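Spelled out from the first residue to the last, the chains are:
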Amino acid sequence: MAVGCVHPTCSGPQNAFAVAALPGSNCVMENYEPTLSFGPAVAANDVATTRGEEADIVAFLSGIARDRRCLEFAVGTGRIAVPLAKSGLGVDGVDLSADMLAALETRDGADLIGTVHGDMSEVSFDRTYGLVYLVHNSLFNVLTQDGQVRCFQNASRHLDDDGVFVIEATMPTRFVRAPEGQSLKVAAVSIDSLEVNARLYNPATQTIEGTRMRLSTDGIVSWPIVFRYAWPSEIDLMARIAGLILVDRWGGWNGEAFTSTSDRHISVYGRSDATPER
């Protein structure tokens, strides 16, 4: 049986995404680079599948953008950017993974998107936007608090005076409640294959290390993932450091109320010296 990883060695931009292990913390996964989580196989799967809420996300963002140009941090394969652009909005995007951007180019409507390969905490576009957005927990792919703050600062630099920054993030509640700081779950099973998700949770560093592994008659492949989670209160403070304030927060893309039982939050930030239209 062959054993291997589907990801090549990372050679692209790293910057804010890289993090050194803390003494005694057992984090972060040895030899891990964030682009290892978003190689060719993951990119191809992202294009071939849907999450089922793309239309709701596009509708939400379109309503906030109000016909102004948009910038997506961690644009990936254009799952959101392409339909947003097809709706008539101008859209640019940045991503650290060259493989994800290459997969974006295969989508119908890819020519509508202006893309840059780079670090979303540092890349600079020569204009500002009515909407900058960051979805699907992509903020947590940045593995240091400083790096996450820089993402907010870069978003702020790219906002129009009345522009807003929208992020989607999971509530960390389920992470800190994991028995013995770990989890192992079956993701898929068939007659000749098994996929499992294994994760280790470290509340001291707010990091999670995991691997999705597929075992089949063809061999074993794995997709590593490491991310740093943050609570809404910490994220709000990052925004304040960047000169932004919380404007609205929901528990979902259809305007669900954010409550103590919400499993995620959709947060909207505007400049602290302006009051964005809502």
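Source: prediction; values computed, not measured. Going along each chain's sequence as written, the residues are numbered from 1 onward. Owing to the predicted nature of the model, reporting of local features is limited to residues with pLDDT of at least 70; listing and counting of side-chain atom pairs is limited to 80 or more, with chain, interface and lining totals taken over all residues. For the side-chain quantities, the full set of heavy atoms in the structure was used; hydrogens and water were omitted.

## Considerations on the pairing of strand β8 (residues 207–216)
Consideration 1: The pairing of strand β7 (residues 193–202) with β8 spans 10 bridges and is antiparallel. In the strand pairing of β8, L194 is matched with L215.
Consideration 2: We treat two strands as partners when DSSP finds at least two bridges between them. Comment: elements are numbered from the N terminus, with helices defined as DSSP H or I runs of at least four residues and strands as E runs of at least two. Counting the residues that bridge the hairpin from β7 to β8 gives four residues, and of these Q206 lies at a positive phi of roughly 55°.
Consideration 3: Pairing analysis gives 10 bridges linking β8 to strand β9 (residues 219–228), with the strands arranged antiparallel. Residue pairing for β9: S216 is matched across the bridge by G219.
Consideration 4: If you look at the hairpin formed by β8 and β9, you'll find two residues sitting between the two strands.

## Focus: the sheet that holds strand β6 (residues 182–189)
Consideration 1: If you walk across this open sheet you meet the four strands as β6-β7-β8-β9, and the pairing is antiparallel. Each end of this open sheet is capped by a strand with a single partner; those strands are β6 and β9. Across the sheet, the axes of successive neighbouring strands diverge by a mean angle of 15°, strand direction being ignored. Note on method: axes are straight lines fitted to C-alpha atoms, helices fitted across the in-contact stretch only, with angles between N-to-C directions ranging 0 to 180 degrees.

## Points about the side chain of E234
Consideration 1: As for its placement among the helices and strands, E234 is situated in helix α7 (residues 232–241).
Consideration 2: One polar contact links E234 to Q145, side chain to side chain, over a distance of 2.7 Å.
Consideration 3: When neighbours within four sequence positions are excluded, E234 is seen to be in contact with Q145, Q206 and R228. Polar contacts, as counted here, are pairs of nitrogen or oxygen atoms within 3.5 Å of one another; within protein the pair requires one atom able to donate a hydrogen and one able to accept it, and residues that are adjacent in sequence qualify only if both atoms are side-chain atoms. Contact definition: two residues touch when any of their heavy atoms are within 4.5 Å.

## Examining the pattern of salt bridges
Consideration 1: Salt bridges, as used here, are contacts in which a Lys or Arg side-chain nitrogen is within 4 Å of a carboxyl oxygen on Asp or Glu. Applying the stated rule across the entire model yields 12 salt bridges.
Consideration 2: The residue D162 makes a salt bridge to R68 at a minimum N-O spacing of 3.0 Å. Of this pair, D162 sits in strand β5 (residues 159–170) while R68 sits in the loop between α2 (54–65) and β1 (70–73), placing them 94 residues apart in sequence.
Consideration 3: Remark: exposure states derive from per-residue accessible area (1.4 Å probe, protein chains only) relative to the maximum for the residue type, with buried under 20%, exposed over 50%, and partly exposed in between. When its relative accessible area of 15% is taken as the criterion, R68 is described as buried.
Consideration 4: The salt bridge partner of R228 is E234, with a shortest N-O separation of 2.8 Å.
Consideration 5: We classify R228 as buried; its relative accessible area is 7%.
Consideration 6: Classification of E234 by relative accessible area gives buried; the value is 13%.

## Examining the pairing of strand β3 (residues 113–117)
Consideration 1: As paired strands, strand β2 (residues 91–95) and β3 are joined by five bridges and run parallel to one another. Considered in β3, the bridge of D95 is made with H117.
Consideration 2: Here a crossover is taken to be right-handed if, once the strands point away from the viewer, the path from the first strand over the helix to the second is traced clockwise. For the crossover that starts at β2, traverses helix α4 (residues 98–104) and ends in the parallel β3, the hand is right-handed.

## Observations concerning unusual backbone geometry
A negative phi angle is the norm for most residues apart from glycine, just as the trans form is the norm for most peptide bonds.
Consideration 1: Positioned with a positive phi, R66 is a non-glycine residue whose angle comes to about 50°.
Consideration 2: Positive phi, normally seen in glycine, also occurs at N137, with a value near 65°.
Consideration 3: Looking at where N137 falls in the secondary structure, it is placed in the loop between β4 (129–134) and α5 (145–157).

Don't take any of this as a statement about function, it's just geometry.
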